[in-house]
Amino acid sequence: MTYRKRIVLVFISYLGLITLLFSTLLLLIPNFVEDLTNRGFLEHELNSFVEEYGKVGPQMRLFKSDQIQSYYSDSEGLPNWLKSLPTGFHERNDLQVGIAQLPDKRLIYIIYDESKGYLDRNEDFLDGVILSAAFLVLAIGLLISFKLANRIAKPIEDLAESFSNNTSTTHPDMLTRKDELGSLARAFEHTLSQLKDYANREKDFSRYASHELRTPVTIFKNNIELLEQDNIDSQFKQRIFKRINQAVITMENQINLLLLMAREESITASKVPLNTQALFNEILEQYPELNLSLKIEKYPSLYVEQVVFRSLLDNLLRNIQEHSDRDPHGFDGHIKLSENYIEINNQYSRNHHRTNKRFGLEIIEKLCQQSLWTLTIHKDSNIFSIKVNFSSEA
């Protein structure tokens with residue numbers, strides 16, 4: 001059953017119950033009011049008769065009409081059922097009876113017949129009016145319930161439809177509502193945003209892993225092929241094992257980096273400063289084919305995991321290696337290193353495929369984002385410039 005139908009069902013159920021109660025009250029209240037009115041009238045007539053009897057005496061005439069009859073206790077025709085009743089007021093079926101003692105010790109009986117009153121004579125008509133009003137209220141309530149259900153269910157259905165299509169809320173004003181629907185919309189929006197972030201991080205992890213682990217895997221493959229050859233001297237084997245061991249270390253570092261980048265929160269700072277000078281020189285030695293112009297003012301003082309700075313340098317240098325041409329001075333790139341930043345400029349090559357470059361830049365951007373560093377990229381017709389400022393205030 002849909003939410004809309006449930007609203008209508010609940011509303012009609014409560015409305016039917018309320019209509020039944022009010023209809024019952026409308027049926028009972030007139031009779032109750034009639035009894036009180038008739039009792040008051042009978043009491044007035046009985047007191048007036050006793051008072052007048054005290055003045056006139058036994059010559060006081062009894063009165064009779066279509067609705068009222070009176071008897072003395074010694075009158076002929078006094079119904080037997082009245083004789084056993086004590087003084088006071090009594091009700092039997094539609095008859096109201098008032099009994100009082102007269103000064104001469106006789107009793108006066110006054111009987112009022114309610115069945116000949118206005119309400120009883122028009123009882124069928126009144127019942128019809130009440131039932132008609134009840135059905136009218138139900139009909140109006142049914143119409144109101146449909147309109148109310150539509151009004152309540154519409155934003156919920158819109159919200160459900162928008163999220164079932166894996167999109168943001170189709171009605172942005174719902175996010176600013178102050179009621180429960182606004183809270184629900186904001187909770188859904190936050191949940192969907194988190195799910196999208198998780199999916200994007202998983203996608204990025206797969207792409208970055210393919211990009212970053214390609215080099216050590218290639219080293220494994222090539223060196224295993226070399227080990228399979230015959231007549232390899234021990235010294236050459238040692239060099240192969242050294243390269244494999246270095247590839248293992250590289251792969252381990254890259255996996256740790258990918259796990260860090262897959263986190264939702266920022267990369268946690270290290271408690272001890274990183275030896276950036278030694279790490280910088282170590283990374284440079286891995287790219288002996290690059291002819292670089294170095295301008296080192298001061299090595300940066302960073303409190304980050306070694307794998308973070310290593311991956312940053314590795315991707316910056318790999319970008320130069322794969323996507324640059326030598327400039328007129330014979331340099332593949334120019335590196336400027338300062339206490340707060342590293343800046344690289346290189347001749348931009350148009351002869352290389354741009355996919356790997358894009359992955360490398362994405363990794364750099366991700367590292368800067370999670371390490372709270374500032375990344376600046378500038379590119380014109382033939383010069384590519386990238387600057388990473390390690391100060392979060394930049």
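These lines cover the structure that appears in this document, whether it is placed above or below.

Cut-offs applied
- Residues numbered from 1 in each chain as written.
- Predicted model: local features only at pLDDT ≥ 70, side-chain atom pairs only at ≥ 80, totals over all residues.
- Heavy atoms only, no water.
- Pairing = 2+ DSSP bridges.
- Helix = DSSP H or I, 4+ residues; strand = E, 2+ residues; numbered from the N terminus.
- Salt bridge = Lys/Arg side-chain N within 4 Å of Asp/Glu carboxyl O.
- Buried < 20%, exposed > 50% of the residue type's maximum accessible area, 1.4 Å probe, protein only.
- Phe/Tyr/Trp six-rings, centres within 6.5 Å; stacked < 30°, edge-to-face > 60°.
- Lys NZ or Arg CZ within 6 Å of the ring centre and 35° of its normal.
- Core = buried A, V, L, I, M, F, W, Y, C linked by side-chain atoms within 4.5 Å.
- Contact = heavy atoms within 4.5 Å.
- Patch = residues over 30% accessible without salt bridge, like charges linked within 9 Å, V, L, I, M, F, W, Y side chains within 5 Å.
- Areas by Shrake-Rupley, 256 points an atom, 1.4 Å probe, with all protein chains shown as cover.
- Expected span 1.5 Å × (residues − 1).
- Axes fitted to C-alpha atoms, helices over the stretch in contact; angles between N-to-C directions.
- Left-handed = near helix turned anticlockwise from the far one by under 90°.
- Nonpolar A, V, L, I, M, F, W, Y, C, P; charged D, E, K, R; others polar.

### Describing the pairing of strand β2 (residues 88-92)
Piece 1. Pairing of β2 with strand β3 (residues 95-101) involves five bridges; the strand directions are antiparallel. What sits directly across from Gly-88, in β3, is Ile-99.
Piece 2. Between β2 and β3, which pair antiparallel one after the other, the connecting turn spans two residues, and Asn-93 there sits at a positive phi close to 55°.

### Structural notes on the pattern of salt bridges
Piece 1. Inspection of the entire model under this criterion finds six salt bridges.
Piece 2. For the salt bridge of Glu-297 with Lys-336, the shortest nitrogen-to-oxygen distance reads 3.8 Å. Residue Glu-297 is located in the loop between β5 (292-296) and α9 (306-323), and its partner Lys-336 is located in strand β7 (residues 333-337); the two are separated by 39 residues in the primary sequence.
Piece 3. Its relative accessible area of 47% is what places Glu-297 among the partly exposed residues.
Piece 4. A salt bridge links Arg-318 to Asp-314; its shortest N-O distance comes to 2.6 Å. Separated by four residues within a single helix, Arg-318 and Asp-314 lie in helix α9, roughly one turn from each other.
Piece 5. By relative accessible area, which is 8% here, Asp-314 ends up buried.
Piece 6. Counted as one network, the salt bridges with shared partners bring together Asp-74, Asp-104 and Arg-106.

### A few points about the packing of aromatic side chains
Piece 1. For the coordinates displayed, the defined rule picks out seven aromatic pairs.
Piece 2. One aromatic cluster is present, built from ring pairs that chain together Phe-49, Tyr-53 and Tyr-72.
Piece 3. In this structure, Arg-106 packs its charged tip against the face of Tyr-72, placed 4.0 Å from the ring centre.

### Description of the nonpolar core
Piece 1. The biggest cluster of nonpolar side chains holds 45 residues, and the ones touching the most others in it are Phe-309, Leu-312, Leu-317, Ile-342, Trp-373 and Phe-390.
Piece 2. When residues of this core are traced back to their parent elements, those giving at least two are α5 (180-212), α7 (234-261), α8 (276-285), α9, β7, β8 (341-348), α10 (355-371) and β10 (383-389).
Piece 3. Setting aside chain neighbours within four positions, we find Ile-342 in contact with Leu-313, Leu-316, Ile-335, Lys-336, Leu-337, Ile-386, Lys-387, Val-388 and Phe-390.
Piece 4. Core analysis: the second largest hydrophobic core is formed by twelve residues, Leu-42, Leu-46, Met-60 and Ile-68 among them.

### Points about a nonpolar patch on the surface
Piece 1. Residues Val-10, Tyr-14, Leu-17, Ile-18, Leu-21, Phe-22, Leu-25, Ile-29, Phe-32, Val-33 and Leu-36 make up a contiguous nonpolar surface patch of roughly 1100 Å² in combined accessible area.
Piece 2. Examined against the element boundaries, Ile-29 turns out to sit in helix α1 (residues 3-56).

### Concerning α9
Piece 1. For α9, with 18 residues, the first-to-last C-alpha span of 26 Å sits near the 26 Å given by 1.5 Å per residue.
Piece 2. With 15 of its 18 residues buried, α9 lies for the most part within the structure.

### Describing the environment of Gln-286
Piece 1. Topologically, Gln-286 is positioned in the loop between α8 and β5.
Piece 2. Classification of Gln-286 by relative accessible area gives partly exposed; the value is 35%.
Piece 3. With 31 residues separating them along the chain, Gln-286 and Leu-317 place their C-alpha atoms 9.6 Å apart.
Piece 4. When near neighbours in sequence (up to four residues on either side) are disregarded, Gln-286 contacts Gln-246, Arg-310 and Asp-314.

### Quick notes on the packing of α8 against α9
Piece 1. Running from N to C, α8 and α9 point in directions that differ by 35°, and their axes come no closer than 10 Å. Note that α8 runs across α9; the crossing there is right-handed. Of the residues in α9, those in contact with Thr-276, Leu-279, Phe-280, Glu-282, Ile-283 and Leu-284 of α8 are Gln-306, Phe-309, Arg-310, Leu-313, Asp-314 and Leu-317.
Piece 2. When its residues are assigned to classes, the contact of α8 with α9 shows seven nonpolar, two polar and three charged.

### A short note on α7
Piece 1. Counted at 1.5 Å a residue, the expected span for α7 with its 28 residues is 40 Å, and the 40 Å between its end C-alpha atoms agrees.
Piece 2. Turning to α7, its buried residues number three or more, namely Ile-240, Ile-244, Ala-247, Met-251, Asn-253, Gln-254, Leu-257, Leu-258, Leu-260 and Met-261.

Nothing here speaks to function; it is geometry throughout.
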